[in-house]
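Each chain, letter by letter, is given below.
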Amino acid sequence: MQQQEIVTAVRAFLRENFLVDDEAGLGEDTSFMQTHTLDSTGFVELIGFVEETFGLEVRDEEMLPENFDSLANIAHYVARKHEPATAR
Amino acid sequence: MDLAAPALHPGILDIDAAAEVERIAHALRSALTGELRRRGLIVAMSGGVDSSVCAALAVRAVGASKVHALMLPEHESSDFSLTRAQALAQQLGIEYTVEAIGPALEAIGCYARRDAAMREVFPAYASTWKSKISIAGGRDGGFNYFKLTVQSPDGKLHEARLPHKQYLQVVAATSFKQRLRKTMEYYHADRLHYAVVGTPNRLEYDQGFFVKNGDGSADLKPIAHLYKTQVYALARHLDIPREIREAPPTTDTYTLDQGQDEFYFALRHDRMDVALWAYNHGIPAAELEAFLELPAGTGAYVYRDIESKRAATRYLHARPVLVEPLPELGH
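The rules behind the values
- Residues numbered from 1 in each chain as written.
- Chains lettered and ligands numbered in written order.
- Predicted model: local features only at pLDDT ≥ 70, side-chain atom pairs only at ≥ 80, totals over all residues.
- Helix = DSSP H or I, 4+ residues; strand = E, 2+ residues; numbered from the N terminus.
- Expected span 1.5 Å × (residues − 1).
- Buried ≥ 20, exposed ≤ 12 C-beta atoms within 10 Å, placed from the backbone.
- Arc of directions from axis to C-beta.
- Contact = placed C-beta atoms within 7 Å.
- Nonpolar A, V, L, I, M, F, W, Y, C, P; charged D, E, K, R; others polar.
- Pairing = 2+ DSSP bridges.
- Axes fitted to C-alpha atoms, helices over the stretch in contact; angles between N-to-C directions.
- pLDDT = per-residue confidence, 0-100.
- Parallel < 35°, antiparallel > 145°, perpendicular 65-115°, else oblique.
- Left-handed = near helix turned anticlockwise from the far one by under 90°.

Trainee: Just to check I follow, could you spell out helix α2 (residues 40–54) of chain A for this structure?
Mentor: Because the α-helix completes a turn every 3.6 residues, residues three or four places apart line up on one side. If you check α2 of chain A, its first and last C-alpha atoms are 21 Å apart, about what 15 residues at 1.5 Å a residue would give, namely 21 Å. Those residues of α2 of chain A that fall on the buried side of the exposure criterion are Ser40, Phe43, Val44, Leu46, Ile47 and Val50 of chain A. Projected down its long axis, α2 of chain A carries its buried residues within an arc of 165°, all on one side. Check the buried side of α2 of chain A and you find it contacts α3 (65–68) and α4 (71–82) of chain A together with β5 (145–151), α6 (164–192) and α13 (298–312) of chain B. Once α2 of chain A ends, the next one or two residues include Gly55 of chain A, with phi positive near 60°.

Given below as structure tokens:
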């Protein structure tokens, strides 16, 4: 899956579930925490969406801002998880 | 470090207990005769230190004859909670009523709805099992999330991360406990024309450790400005029995033993007090780390956890939103 497709899917999820206003300009590097787009409950919901949509398991120790605090971070994380284990 | 910032030292939470008791008693009296126009105080006593101190403060404020205590046990609360609260009410010379809310909670589906959500995570879970939820993540620099721990009758423990939907349902169902208690408190308050005392301390109030329209609802909150350490200082001054002062703070909400720190806070309450004080006073995270001997780098996590809980629970403090202000009501 291309990173752009991941960004598009997550952006659509945020728009649908968190009433995120597109005009607020959800850039790929925008921090959800700093812009108060998501609180901790929101991140748990987002992580559930990522697991279900991209068919992967997020381990407890991976629930970190560097993996989930922006569209770009999520895209990188999902892409990395999809790499074959030998390539990591 | 900013030289203007106060430094951390062991005395930061010291308090003149006698003066503070007088100040709070005066504030309670003024509120009753002024804004609230009620003639006494209702205090629900859990057997914990916060509600015990509030009951004693209420007596200082208006006298024992104007305070009515409630004990509101349910099927899963500890028997110690009830006996400790009754003993203190007798010591304080206040009337009290025991209202067992278990049957009402059962009728409204509190236990069944919670158990249904838990079964979605552990299909074998049954009402004979014990359970609790506990917070994780924030103290390690990650996002806060909740783990569900269940214990089968053979004593074996099972643990899993609670998915979003099941987490919300467990909390929503469990919150019937706090909300039904508050309903009972207001029944007695209306019956006696009294006001309801809310018992959160500063940690709980600041970090949103309460249920909206449950234990978060009250007419007065006499210790919301006091750190937990300061509440203990008042407890000693007010002769609250040692068994109450020395019991570890619990939620008394889930069937497995559960400390408040495990359920919600990043650190044990005395250390959490220091962290919140330091955060409120602009103390750099590195200095907090050194003072509490925390692992390097984790002071910043604790600060981020404080911010994150404040942000996530702002809704709990919010008044209903109006589309336009109604200045004639002061709203």
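Trainee: It is not clear to me how the interface of chain B and chain A should be interpreted in this structure. Could you clarify?
Mentor: You'll often see interface size given as the accessible area lost when the parts meet. Contacts between the two partners involve 14 residues from chain B, matched on the other side by 11 residues from chain A. Elements represented by at least two residues in the side of chain B that touches chain A include exactly α6 and α13 of chain B. Ranked by residues supplied to the side of chain B that touches chain A, first place goes to α13 of chain B with three residues. Class assignment of the residues belonging to the side of chain B that touches chain A gives a composition of seven nonpolar, six polar and one charged.

Trainee: Any chance you could explain the environment of Arg11 of chain A here in plain terms?
Mentor: Among the structural elements, Arg11 of chain A can be located in helix α1 (residues 3–18). Those residues in contact with Arg11 of chain A that sit more than four places away from it in its chain are Leu26 and Leu71 of chain A.

Trainee: When you look at the sheet that holds strand β2 (residues 67–71) of chain B in this model, what are you seeing that I'm missing?
Mentor: Hydrogen bonds between backbone groups are what pair the strands of a sheet, and the pairing can be parallel or antiparallel. Residue and element names in this part refer to chain B. Strand order in this open sheet of four strands is β3-β2-β1-β7, and the pairing throughout is parallel. Both edges of this open sheet fall to β3 (95–98) and β7 (195–196), since each of them pairs with a single strand only. Sheet topology note: the strand β1 (residues 41–44)/β2 ladder contains four bridges and is parallel. Looking at β2, one finds that Ala44 is bridged to Leu70. Against the sheet, helix α2 (residues 49–62) makes contact with β1 and β2, and its axis sits at roughly 165° relative to β1, the strand it touches most.

Trainee: Explain the confidence of the model for chain B to me, please; I cannot follow it from the model alone.
Mentor: A low pLDDT score tells you not to read the predicted coordinates there in detail. For chain B, the average pLDDT comes to 93, and 98% of its residues sit at 70 or higher. Note on the complex model: pTM 0.89, ipTM 0.80.

Trainee: Mind showing me how you'd approach the sheet that holds strand β4 (residues 130–136) of chain B here?
Mentor: Residue and element names in this part refer to chain B. Taken in spatial order, the three strands line up as β4-β5-β6 in an open sheet, and their pairing is antiparallel. With one partner strand each, in any of the chains shown, β4 and β6 (157–161) form the two edges of the open sheet. For this sheet, the mean inter-axis angle between neighbouring strands, taken without regard to orientation, is 20°. Of the pairings in the sheet, the one linking β5 to β6 comprises five bridges and is antiparallel in character. Each bridged residue has a counterpart across the sheet, and for Val150 the counterpart in β6 is His158.

Trainee: Looking at this structure, how should I read the packing of α1 of chain A against α4 of chain A?
Mentor: Describing two packed helices takes the angle between their axes plus the distance from one axis to the other. All names here are of chain A. Contact geometry of α1 with α4 gives a least axis separation of 9 Å together with a crossing angle of 125°. Regarding the angle of α1 to α4, the classification is oblique. Note on packing geometry: the crossing formed by α1 with α4 is right-handed. Here Gln3, Ile6, Val7, Val10 and Arg11 of α1 come into contact with α4, specifically with Leu71, Ile74, Ala75, Val78 and Ala79. Looking at the contact of α1 with α4 residue by residue, the classes come out as eight nonpolar, one polar and one charged.

Trainee: Please clarify how unusual backbone geometry should be interpreted in this entry.
Mentor: Only a minority of non-glycine residues have a phi that is not negative, and only a minority of peptide bonds are not trans. All names here are of chain B. Phi is positive for Arg37, close to 50°, though the residue is something other than glycine. Its 10 C-beta neighbours within 10 Å are what place Arg37 among the exposed residues. One non-glycine residue, Asn213, lies in positive phi territory at about 60°. By C-beta crowding, Asn213 is classed as partly exposed, having 13 other C-beta atoms within 10 Å.

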